Amino acid sequence: MIDFVDEIRSKLEGMEGSLVFPEANDTRVIKAVDMLTREKFNLRIILLGNPDEISKIGEEIGVDVSRFEIIDWKQSEWIEDFSDEFYKLREHKGVSRNDCNKYITSNVNAFGAMMVRKGIVDGMISGSLSPTSDVIRAGIWIVQPKKGIKTVSSFFIMVSPDESIGDGGRMVFSDCALVVDPTPEQLVDITINAANAAKFFLNSDPMVALLSYSTYGSGAGPSVDKVRQAVKILKEKNVDFKFDGEMQFDAAISSTVANIKCPNSEVAGKANTFIFPNLDAGNIGYKIAQRIGKMKAYGPVLVGLSKPVNDLSRGCSVEDIYVMALMTLLQVKEHI
(Lines give C-alpha, C1' and ligand atoms only; values in the text may rest on other atoms or scores of the structure.)
Protein backbone atom coordinates (compact mmCIF):
# COMPACT_ATOMS: atom_id res chain seq x y z
CA MET A 1 0.00 0.00 0.00
CA ILE A 2 1.16 3.55 -0.74
CA ASP A 3 2.70 5.31 2.26
CA PHE A 4 0.19 7.45 4.18
CA VAL A 5 2.26 10.64 3.94
CA ASP A 6 2.98 10.06 0.23
CA GLU A 7 -0.76 9.69 -0.31
CA ILE A 8 -1.47 13.04 1.29
CA ARG A 9 1.23 14.63 -0.86
CA SER A 10 -0.43 13.25 -4.00
CA LYS A 11 -3.80 14.65 -2.93
CA LEU A 12 -2.28 18.09 -2.44
CA GLU A 13 -0.41 18.20 -5.75
CA GLY A 14 -1.20 21.44 -7.59
CA MET A 15 -3.07 22.94 -4.64
CA GLU A 16 -2.78 26.57 -3.64
CA GLY A 17 -2.98 27.41 0.04
CA SER A 18 -1.54 29.43 2.91
CA LEU A 19 -0.46 28.59 6.45
CA VAL A 20 0.70 30.74 9.34
CA PHE A 21 3.33 29.55 11.79
CA PRO A 22 3.29 31.72 14.95
CA GLU A 23 6.40 30.13 16.47
CA ALA A 24 8.91 31.07 13.81
CA ASN A 25 11.71 31.50 16.35
CA ASP A 26 11.82 27.70 16.65
CA THR A 27 14.50 26.13 14.45
CA ARG A 28 12.28 23.05 13.99
CA VAL A 29 9.58 25.22 12.43
CA ILE A 30 12.03 26.86 10.01
CA LYS A 31 13.39 23.46 8.93
CA ALA A 32 9.86 22.09 8.46
CA VAL A 33 8.66 24.99 6.30
CA ASP A 34 11.82 24.65 4.25
CA MET A 35 10.81 21.02 3.55
CA LEU A 36 7.33 22.21 2.52
CA THR A 37 8.78 24.45 -0.21
CA ARG A 38 10.04 21.37 -2.05
CA GLU A 39 6.56 19.93 -2.57
CA LYS A 40 4.44 20.09 -5.73
CA PHE A 41 1.92 22.60 -4.45
CA ASN A 42 1.85 26.37 -4.23
CA LEU A 43 2.05 27.15 -0.52
CA ARG A 44 2.22 30.64 0.88
CA ILE A 45 4.05 30.50 4.21
CA ILE A 46 3.69 33.25 6.81
CA LEU A 47 6.04 33.36 9.80
CA LEU A 48 5.24 35.48 12.85
CA GLY A 49 8.07 37.03 14.85
CA ASN A 50 10.92 39.48 14.77
CA PRO A 51 12.31 39.51 11.21
CA ASP A 52 15.91 40.01 12.36
CA GLU A 53 15.73 37.10 14.80
CA ILE A 54 14.14 34.82 12.21
CA SER A 55 16.74 35.77 9.60
CA LYS A 56 19.50 35.00 12.08
CA ILE A 57 18.01 31.57 12.80
CA GLY A 58 17.77 30.92 9.07
CA GLU A 59 21.42 31.81 8.56
CA GLU A 60 22.50 29.54 11.41
CA ILE A 61 20.72 26.49 9.97
CA GLY A 62 21.26 27.27 6.29
CA VAL A 63 17.68 28.15 5.32
CA ASP A 64 16.90 31.16 3.14
CA VAL A 65 13.93 32.67 5.00
CA SER A 66 13.55 35.48 2.46
CA ARG A 67 11.30 33.07 0.53
CA PHE A 68 8.70 33.38 3.29
CA GLU A 69 6.51 36.23 4.45
CA ILE A 70 7.64 37.38 7.88
CA ILE A 71 5.30 39.54 9.94
CA ASP A 72 6.47 41.39 13.02
CA TRP A 73 3.05 40.85 14.56
CA LYS A 74 3.54 43.15 17.56
CA GLN A 75 4.05 46.05 15.15
CA SER A 76 1.31 44.99 12.74
CA GLU A 77 -1.23 47.41 11.33
CA TRP A 78 -3.86 44.70 11.98
CA ILE A 79 -3.58 44.88 15.79
CA GLU A 80 -6.39 47.40 16.30
CA ASP A 81 -8.75 45.64 13.88
CA PHE A 82 -8.01 42.24 15.44
CA SER A 83 -8.63 43.61 18.96
CA ASP A 84 -11.95 45.11 17.88
CA GLU A 85 -12.99 41.83 16.27
CA PHE A 86 -12.08 39.86 19.37
CA TYR A 87 -14.06 42.24 21.56
CA LYS A 88 -17.14 41.62 19.40
CA LEU A 89 -16.66 37.89 19.95
CA ARG A 90 -16.19 38.10 23.71
CA GLU A 91 -18.16 41.07 24.99
CA HIS A 92 -21.22 38.86 25.64
CA LYS A 93 -19.02 36.96 28.11
CA GLY A 94 -18.33 40.17 30.03
CA VAL A 95 -14.75 40.49 28.77
CA SER A 96 -13.62 44.12 28.66
CA ARG A 97 -12.25 45.83 25.59
CA ASN A 98 -8.97 46.38 27.43
CA ASP A 99 -8.61 42.68 28.23
CA CYS A 100 -9.36 41.81 24.60
CA ASN A 101 -6.65 44.19 23.45
CA LYS A 102 -4.17 42.69 25.92
CA TYR A 103 -4.91 39.19 24.67
CA ILE A 104 -4.39 40.02 21.00
CA THR A 105 -1.26 42.12 21.60
CA SER A 106 0.42 39.67 23.97
CA ASN A 107 -0.46 36.27 22.51
CA VAL A 108 1.01 35.26 19.17
CA ASN A 109 -1.40 32.33 18.84
CA ALA A 110 -4.35 34.70 19.20
CA PHE A 111 -2.90 36.89 16.45
CA GLY A 112 -2.36 33.88 14.19
CA ALA A 113 -5.86 32.55 14.86
CA MET A 114 -7.31 35.94 13.95
CA MET A 115 -5.46 35.77 10.63
CA VAL A 116 -7.26 32.49 10.01
CA ARG A 117 -10.63 33.92 11.05
CA LYS A 118 -10.19 36.92 8.75
CA GLY A 119 -9.28 34.74 5.78
CA ILE A 120 -5.76 36.17 5.52
CA VAL A 121 -4.49 32.59 5.71
CA ASP A 122 -6.16 29.19 5.35
CA GLY A 123 -4.87 27.56 8.53
CA MET A 124 -2.52 27.76 11.51
CA ILE A 125 -0.03 25.36 13.07
CA SER A 126 1.45 26.11 16.48
CA GLY A 127 2.36 24.48 19.78
CA SER A 128 6.03 23.57 19.48
CA LEU A 129 6.76 26.26 22.07
CA SER A 130 3.26 26.84 23.50
CA PRO A 131 1.03 24.86 25.86
CA THR A 132 -1.74 22.95 24.14
CA SER A 133 -4.35 24.94 26.06
CA ASP A 134 -3.03 28.19 24.59
CA VAL A 135 -3.35 27.01 20.98
CA ILE A 136 -6.74 25.38 21.45
CA ARG A 137 -8.16 28.35 23.34
CA ALA A 138 -7.19 30.67 20.49
CA GLY A 139 -8.83 28.31 17.99
CA ILE A 140 -12.10 27.97 19.90
CA TRP A 141 -12.42 31.60 20.97
CA ILE A 142 -11.42 33.15 17.65
CA VAL A 143 -11.83 30.71 14.76
CA GLN A 144 -14.80 29.06 16.54
CA PRO A 145 -16.60 25.77 15.89
CA LYS A 146 -18.39 24.92 12.65
CA LYS A 147 -22.08 25.67 12.43
CA GLY A 148 -24.01 22.92 14.19
CA ILE A 149 -20.95 21.62 16.05
CA LYS A 150 -20.57 22.62 19.68
CA THR A 151 -17.64 20.36 20.51
CA VAL A 152 -14.16 20.69 19.05
CA SER A 153 -12.35 17.37 19.28
CA SER A 154 -9.25 15.65 17.93
CA PHE A 155 -8.30 12.51 16.08
CA PHE A 156 -5.26 10.44 15.27
CA ILE A 157 -4.70 8.52 12.07
CA MET A 158 -3.27 5.21 13.20
CA VAL A 159 -1.38 3.12 10.64
CA SER A 160 -0.75 -0.54 11.44
CA PRO A 161 1.73 -2.88 9.75
CA ASP A 162 -1.18 -5.36 9.68
CA GLU A 163 -3.20 -4.36 6.60
CA SER A 164 -5.99 -6.80 7.45
CA ILE A 165 -7.41 -4.50 10.14
CA GLY A 166 -9.23 -1.20 9.74
CA ASP A 167 -8.98 0.13 6.21
CA GLY A 168 -5.81 -1.48 4.90
CA GLY A 169 -4.21 -1.03 8.31
CA ARG A 170 -5.38 2.56 8.68
CA MET A 171 -7.93 3.79 11.17
CA VAL A 172 -9.17 6.85 13.04
CA PHE A 173 -8.97 7.06 16.84
CA SER A 174 -10.96 9.82 18.58
CA ASP A 175 -10.93 11.65 20.93
CA CYS A 176 -7.47 10.94 22.35
CA ALA A 177 -6.22 14.42 23.18
CA LEU A 178 -8.87 16.99 24.00
CA VAL A 179 -12.28 16.27 25.58
CA VAL A 180 -11.74 14.77 29.03
CA ASP A 181 -15.13 13.29 29.91
CA PRO A 182 -17.60 13.91 27.10
CA THR A 183 -21.34 13.96 27.65
CA PRO A 184 -23.53 11.90 25.29
CA GLU A 185 -24.10 15.03 23.21
CA GLN A 186 -20.35 15.69 23.04
CA LEU A 187 -19.72 12.07 22.06
CA VAL A 188 -22.12 12.63 19.17
CA ASP A 189 -20.13 15.66 18.01
CA ILE A 190 -16.87 13.73 18.42
CA THR A 191 -18.32 10.89 16.32
CA ILE A 192 -19.49 13.19 13.54
CA ASN A 193 -16.14 15.02 13.51
CA ALA A 194 -14.22 11.73 13.33
CA ALA A 195 -16.45 10.31 10.59
CA ASN A 196 -15.92 13.42 8.46
CA ALA A 197 -12.17 13.05 8.91
CA ALA A 198 -12.26 9.34 8.03
CA LYS A 199 -13.90 10.05 4.66
CA PHE A 200 -10.85 11.96 3.46
CA PHE A 201 -7.94 10.53 5.43
CA LEU A 202 -8.91 6.86 4.95
CA ASN A 203 -10.31 7.09 1.40
CA SER A 204 -13.29 4.95 2.36
CA ASP A 205 -16.69 5.14 3.97
CA PRO A 206 -16.55 5.54 7.76
CA MET A 207 -17.46 2.44 9.75
CA VAL A 208 -17.73 3.87 13.23
CA ALA A 209 -17.63 1.89 16.47
CA LEU A 210 -18.57 3.64 19.71
CA LEU A 211 -16.41 1.79 22.21
CA SER A 212 -17.16 0.60 25.73
CA TYR A 213 -16.31 -2.22 28.11
CA SER A 214 -19.76 -3.53 27.19
CA THR A 215 -21.11 -5.00 23.96
CA TYR A 216 -24.86 -4.72 23.44
CA GLY A 217 -25.65 -4.77 27.15
CA SER A 218 -23.05 -7.26 28.37
CA GLY A 219 -21.97 -4.71 30.98
CA ALA A 220 -23.63 -1.95 32.94
CA GLY A 221 -22.72 1.40 34.47
CA PRO A 222 -22.76 5.17 33.86
CA SER A 223 -20.09 4.99 31.14
CA VAL A 224 -22.06 2.34 29.24
CA ASP A 225 -25.25 4.37 29.57
CA LYS A 226 -23.46 7.41 28.17
CA VAL A 227 -22.36 5.56 25.04
CA ARG A 228 -25.82 4.06 24.54
CA GLN A 229 -27.38 7.50 24.79
CA ALA A 230 -24.92 8.84 22.20
CA VAL A 231 -25.87 5.98 19.83
CA LYS A 232 -29.55 6.83 20.34
CA ILE A 233 -28.97 10.50 19.49
CA LEU A 234 -26.99 9.56 16.38
CA LYS A 235 -29.88 7.40 15.19
CA GLU A 236 -32.27 10.30 15.71
CA LYS A 237 -29.98 12.58 13.73
CA ASN A 238 -30.05 10.16 10.79
CA VAL A 239 -26.35 10.73 10.01
CA ASP A 240 -24.96 9.66 6.63
CA PHE A 241 -22.42 7.09 7.86
CA LYS A 242 -22.61 3.65 9.43
CA PHE A 243 -22.09 3.40 13.18
CA ASP A 244 -22.83 1.01 16.00
CA GLY A 245 -22.35 0.58 19.72
CA GLU A 246 -21.89 0.18 22.45
CA MET A 247 -19.22 -2.41 21.73
CA GLN A 248 -15.89 -3.65 22.98
CA PHE A 249 -12.79 -3.12 20.89
CA ASP A 250 -12.35 -6.80 20.05
CA ALA A 251 -15.89 -6.95 18.67
CA ALA A 252 -15.28 -3.79 16.65
CA ILE A 253 -12.08 -4.95 14.98
CA SER A 254 -12.30 -8.77 14.79
CA SER A 255 -14.86 -10.45 12.54
CA THR A 256 -14.41 -13.65 14.53
CA VAL A 257 -15.37 -11.95 17.80
CA ALA A 258 -18.08 -9.92 16.08
CA ASN A 259 -19.76 -13.09 14.79
CA ILE A 260 -20.05 -14.28 18.38
CA LYS A 261 -20.95 -11.05 20.19
CA CYS A 262 -22.95 -9.07 17.62
CA PRO A 263 -23.46 -11.07 14.42
CA ASN A 264 -26.11 -8.72 13.00
CA SER A 265 -24.00 -5.55 13.22
CA GLU A 266 -23.00 -3.79 9.99
CA VAL A 267 -19.97 -2.29 11.71
CA ALA A 268 -18.65 -4.91 14.15
CA GLY A 269 -15.54 -6.64 12.83
CA LYS A 270 -15.22 -4.04 10.06
CA ALA A 271 -14.75 -0.79 11.96
CA ASN A 272 -12.19 1.75 10.75
CA THR A 273 -13.15 4.61 13.07
CA PHE A 274 -13.08 4.15 16.84
CA ILE A 275 -14.74 6.50 19.33
CA PHE A 276 -13.48 6.25 22.89
CA PRO A 277 -15.82 6.99 25.81
CA ASN A 278 -13.37 9.36 27.55
CA LEU A 279 -9.90 10.81 27.32
CA ASP A 280 -8.38 8.23 29.66
CA ALA A 281 -9.38 5.40 27.34
CA GLY A 282 -8.49 7.28 24.16
CA ASN A 283 -5.08 8.53 25.22
CA ILE A 284 -4.04 5.23 26.79
CA GLY A 285 -5.43 3.28 23.85
CA TYR A 286 -3.57 5.12 21.12
CA LYS A 287 -0.30 4.98 23.06
CA ILE A 288 -0.62 1.23 23.62
CA ALA A 289 -1.31 0.80 19.90
CA GLN A 290 1.71 2.96 19.08
CA ARG A 291 4.21 1.50 21.53
CA ILE A 292 3.20 -2.14 21.68
CA GLY A 293 1.22 -2.56 18.47
CA LYS A 294 3.97 -0.75 16.48
CA MET A 295 1.40 1.50 14.83
CA LYS A 296 2.32 4.94 13.54
CA ALA A 297 0.27 7.73 15.08
CA TYR A 298 -0.34 10.90 13.02
CA GLY A 299 -1.89 13.71 15.01
CA PRO A 300 -3.64 14.86 17.05
CA VAL A 301 -5.51 16.84 14.43
CA LEU A 302 -8.18 19.23 15.69
CA VAL A 303 -11.55 18.91 14.01
CA GLY A 304 -14.83 20.75 14.41
CA LEU A 305 -13.43 24.26 13.97
CA SER A 306 -14.74 26.41 11.12
CA LYS A 307 -11.17 26.62 9.74
CA PRO A 308 -8.09 24.52 10.55
CA VAL A 309 -5.97 25.29 13.59
CA ASN A 310 -3.67 22.51 14.77
CA ASP A 311 -1.58 21.99 17.86
CA LEU A 312 1.89 20.46 18.04
CA SER A 313 3.52 18.68 20.94
CA ARG A 314 6.33 20.68 22.49
CA GLY A 315 8.48 17.60 21.96
CA CYS A 316 7.67 17.42 18.25
CA SER A 317 10.26 16.71 15.58
CA VAL A 318 10.80 18.57 12.33
CA GLU A 319 9.02 15.71 10.53
CA ASP A 320 6.07 15.98 12.93
CA ILE A 321 5.62 19.64 12.02
CA TYR A 322 5.97 18.88 8.32
CA VAL A 323 3.36 16.09 8.41
CA MET A 324 0.97 18.20 10.47
CA ALA A 325 1.26 20.92 7.84
CA LEU A 326 0.33 18.41 5.13
CA MET A 327 -2.66 17.18 7.14
CA THR A 328 -3.75 20.77 7.79
CA LEU A 329 -3.62 21.54 4.08
CA LEU A 330 -5.78 18.49 3.37
CA GLN A 331 -8.27 19.85 5.92
CA VAL A 332 -8.25 23.12 4.00
CA LYS A 333 -8.76 21.40 0.67
CA GLU A 334 -11.56 19.11 1.83
CA HIS A 335 -13.16 21.53 4.32
CA ILE A 336 -12.68 19.04 7.17
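Going along each chain's sequence as written, the residues are numbered from 1 onward. Confidence filtering applies because this is a predicted model: local features only for residues at pLDDT of at least 70, side-chain atom pairs given and counted only at 80 or more, and all residues used for totals across whole chains, interfaces and linings. In computing side-chain properties, one takes all heavy atoms of the structure into account and sets aside hydrogens as well as water.

Visitor: How should the sheet that holds strand 4 (residues 123–126) be read in this particular structure?
Guide: Either a parallel or an antiparallel arrangement is found when strands of a sheet pair, and the pairing is made through backbone hydrogen bonds. The sheet built from five strands is open, its strands ordered 3-2-1-4-11 with parallel pairing. Since the sheet does not close on itself, it has two edges, and those belong to strand 3 (69–71) and strand 11 (309–311), each with one partner. Pairs of neighbouring strands in the sheet enclose a mean axial angle of 20°, with direction left out of account. Paired strands, as defined in this entry, are two strands with at least two bridges between them according to DSSP. Working definition: helices are DSSP H or I runs of at least four residues, strands are E runs of at least two. Numbering for both runs from the N terminus. As paired strands, strand 1 (residues 16–21) and strand 2 (residues 42–48) are joined by six bridges and run parallel to one another. Residue pairing across strands places Leu 19 opposite Ile 45, the latter belonging to strand 2. Should any heavy atoms of two residues lie within 4.5 Å, those residues are counted as being in contact. Here an angle of 0 to 180 degrees is reported between the N-to-C directions of two axes, which are lines fitted to C-alpha atoms, with helices fitted over the stretch in contact. The sheet contacts of helix 7 (residues 132–143) involve strand 4 and strand 11, and relative to strand 11 the element is tilted by about 170°.

Visitor: Hey, could you run me through the packing of aromatic side chains in this one?
Guide: Working definition: an aromatic ring pair is given by the centre-to-centre distance plus the angle between the planes. The criterion for an aromatic pair is that two Phe, Tyr or Trp rings (for Trp, the six-membered ring) have centres within 6.5 Å, with stacked assigned to planes under 30 degrees apart, edge-to-face to planes over 60 apart and tilted to the rest. Taken as a whole, this structure holds 14 aromatic pairs when the rule is applied. Consider the rings of Trp 78 and Phe 82, whose centres lie 5.9 Å apart with planes at 25°: the pair is stacked. Here the aromatic rings of Phe 86 and Trp 141 are separated by 6.3 Å at their centres, their planes lie at 35°, and the arrangement is tilted. Of this pair, Phe 86 sits in helix 4 (residues 79–90) while Trp 141 sits in helix 7, and the two are 55 residues apart along the sequence. The buried category is assigned to Phe 86, whose relative accessible area is 2%. Every member of this aromatic cluster is reached through a ring pair, and the members are Trp 73, Trp 78, Phe 82 and Phe 111. Our definition puts a charge over a ring when NZ of Lys or CZ of Arg is within 6 Å of the ring centre and also within 35 degrees of the ring normal. Positioned above the aromatic ring of Trp 141, the side-chain terminus of Arg 90 is 4.3 Å from the ring centre. Lying across the ring of Trp 141, Arg 137 places its NZ or CZ 5.7 Å from the centre. In this scheme, a residue with accessible area under 20% of its type's maximum is buried, one over 50% is exposed, and one in between is partly exposed, where area comes from a 1.4 Å probe on protein chains only.

Structural measurements only, silent on function.
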